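# Structural characterization, general
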Protein chains: 2
Amino acid sequence: MDLLGVLAYGELTAFERLASDAQLAPTVADKVALGSMANAEFGHFKQLHDHLVARDVDPFEAMAPFVEPLDAFHDSTQPSDWYEGLIKAYVGDGMATDFYREVSTYVKDDETRSLIQSVLKDTGQAEFAVARVKEIIAEEPSVGGRLALWARRLVGEALIQAQQVAVERDALLELLVGSGDLAGITRLLKSITDKHTDRMALLGLQA
Amino acid sequence: MDLLGVLAYGELTAFERLASDAQLAPTVADKVALGSMANAEFGHFKQLHDHLVARDVDPFEAMAPFVEPLDAFHDSTQPSDWYEGLIKAYVGDGMATDFYREVSTYVKDDETRSLIQSVLKDTGQAEFAVARVKEIIAEEPSVGGRLALWARRLVGEALIQAQQVAVERDALLELLVGSGDLAGITRLLKSITDKHTDRMALLGLQA
């Protein structure tokens, strides 16, 4: 339930932030693209919310422990322009998806596992962000360095908040290490970092 | 098409602003309530967008003339707290709905008219806002005065932008006066103002 709680609040805040970053969009078409993604995130939130309700779990109680760390992450990573917003959508969503996908393999309940995997489906965010960011880097190569630094900051802030959550929520930590030993966490972190490096390489940037 | 364009961009910005005002929500439940409304607005936008595409109209061209006045309205009326956000959702959406509903009666094409009337269906915004605002006024009566002033400012800003649009878009103006004479506009304005007064009375506030 902890996992569904953090995932639900993650989708809810992703929705809120994407929709609000849509205000930075340079064209109405870009606004609509970001709005569609935000909307898809809200749909995912709704599915998780309803799944919890159907199992007699109060979704607000399930989300409560994660409100502070997720809000702190978003507050400390407010994009200052459209491109920072795109990188955040791409890097943040990518890392979160990798994390949840790995963790979901340890979930024993079939219905819950397949729900998690279905809400992690790509909303088209990655492709859209990659195309737009590559365009701007081609036009103004100096932007690349700034965005690479920004991505590094996003990863740092995400790890700080994730550690906080892992320390405070025994159930989540146990789900992660329950399958084996602490080496499992090291592998999980390595796999997430490797995928982050691949993701940055797609933009032509160093992680 | 002008009417569909302004309506579509209106729904798109309403989505964006509601979702972003959800960040001001005091509880996660309030955040979800505002998020659901924002989501419904995006659904309406999508319907209008698809209707335009199906009729070989570029939705971005149809929206273009209204981007500036609608953005100007939102920029000049950024809520500074959760309650101002609620009043904006209630008063702004209420006035816009009244306006479009009146105008839609002049639309000759049946399909377009019924689409407009369906996207104007209440998203639960009014009831939610009224309940929350009444609570806070009961607790802190001084808030009432501030919110009444805020509502008056919203109406003022909306009228300024609406006038701008009417002056610049002959087609919309003609739709409005086409049915009869200029007295039609006076009646329209009176009807919108009367409904606004009723809306404020529901909150126990003076318009």
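Because the structure is predicted, anything quoted here is derived from the model rather than measured. (Residues numbered from 1 in each chain as written. Chains lettered and ligands numbered in written order. Predicted model: local features only at pLDDT ≥ 70, side-chain atom pairs only at ≥ 80, totals over all residues.)

## A few points about the overall build of chain A
- Helix and strand counts for chain A come out as 9 helices and 0 strands.
- Overall, chain A shows an N-to-C arrangement of helices and strands of α-α-α-α-α-α-α-α-α.
- The C-alpha atoms of chain A give 17 Å as radius of gyration, which agrees with the globular expectation for 207 residues (17 Å, within 12%).
- Within the span of chain A, comprising 207 residues, buried residues form 37% of the whole.
- Considering only intrachain contacts with a sequence separation of at least 6, the fraction spanning at least 24 residues in chain A is 75%. (Helix = DSSP H or I, 4+ residues; strand = E, 2+ residues; numbered from the N terminus. Rg over C-alpha atoms; globule rule 2.2 N^0.38 Å. Buried ≥ 20, exposed ≤ 12 C-beta atoms within 10 Å, placed from the backbone. Contact = placed C-beta atoms within 7 Å.)

## Some words on the relation of the copies chain A and chain B
- When chain A is fitted to chain B, the residual RMSD is 0.0 Å, and the transformation amounts to a turn of 180° plus an axial shift of 0.0 Å. What we have between these two chains is a two-fold relation. Among all C-alpha atoms of chain A, that of Ser20(A) lies closest to the rotation axis, at 2.4 Å.
- Of all interface residues in chain A, 100% are interface residues in chain B too; the two copies therefore contact each other through one and the same surface. (Least-squares fit on C-alpha atoms with pLDDT ≥ 70 in both.)

## As for the interface of chain A and chain B
- Listed per partner, the contact involves 18 residues of chain A and 18 residues of chain B.
- Among the secondary structure elements, those contributing two or more residues to the side of chain A that touches chain B are α1 (2–21), α2 (28–54) and α3 (59–76) of chain A.
- Sorting elements by how many residues they give to the side of chain A that touches chain B places α2(A) first, with 8 residues.
- Here the residues of the side of chain A that touches chain B are counted per class, giving 12 nonpolar, 4 polar and 2 charged. (Nonpolar A, V, L, I, M, F, W, Y, C, P; charged D, E, K, R; others polar.)

## Let's talk about unusual backbone geometry
Residues and elements named next belong to chain A.
- Positive phi is not limited to glycine here, since Asp-56 has a value of about 60°.
- In this fold, Asp-56 is placed in the loop between α2 and α3.
- Residue Asp-56 is classed as exposed on the basis of its 6 C-beta neighbours within 10 Å.

## Some details on the packing of helix α1 (residues 2–21) of chain B against helix α4 (residues 82–104) of chain B
Residue and element names in this part refer to chain B.
- Two elements in contact, α1 and α4, have axes separated by 12 Å at closest approach and are oriented at 165°. By the angle between their axes, α1 is roughly antiparallel relative to α4. As α1 runs across α4, the sense of the crossing is left-handed. For the pair α1 and α4, contact is made by Leu-3, Leu-7, Gly-10, Ala-14, Leu-18 and Asp-21 and by Gly-85, Ala-89, Asp-93, Ala-96, Tyr-100 and Val-103, respectively. (Axes fitted to C-alpha atoms, helices over the stretch in contact; angles between N-to-C directions. Parallel < 35°, antiparallel > 145°, perpendicular 65-115°, else oblique. Left-handed = near helix turned anticlockwise from the far one by under 90°.)

## Let's talk about the packing of α1(A) against α3(A)
Residue and element names in this part refer to chain A.
- Between α1 and α3, the least distance of the axes is 7 Å, while the angle of their chain directions is 50°. Taken together, α1 and α3 sit at an angle that is classed as oblique. Regarding α1 and α3, the two cross each other, and that crossing is right-handed. Contacts from Leu-4, Gly-5, Val-6, Ala-8, Tyr-9, Gly-10, Thr-13 and Arg-17 of α1 reach α3 at Pro-59, Ala-62, Met-63, Pro-65, Phe-66, Val-67, Leu-70 and His-74.

## What about the confidence of the model for chain A?
- Summarising the model, chain A shows a mean pLDDT of 87, and 95% of its residues fall at 70 or more.
- Overall fold confidence (pTM) sits at 0.85, and the ipTM for the predicted complex is 0.79. (pLDDT = per-residue confidence, 0-100.)

## Some words on the environment of Phe99(B)
- Locating Phe99(B) in the fold gives a position in helix α4.
- It is 12 Å that separates the C-alpha atoms of Phe99(B) and Ile116(B), two residues lying 17 residues apart in sequence.

## Digging into the environment of Ser191(A)
All names here are of chain A.
- As for its position among the elements, Ser-191 is in helix α9 (residues 183–202).
- For Ser-191, a count of 14 C-beta atoms within 10 Å corresponds to the partly exposed category.
- Sequence separation between Ser-191 and Phe-99 is 92 residues, and the spatial gap between their C-alpha atoms is 9.0 Å.

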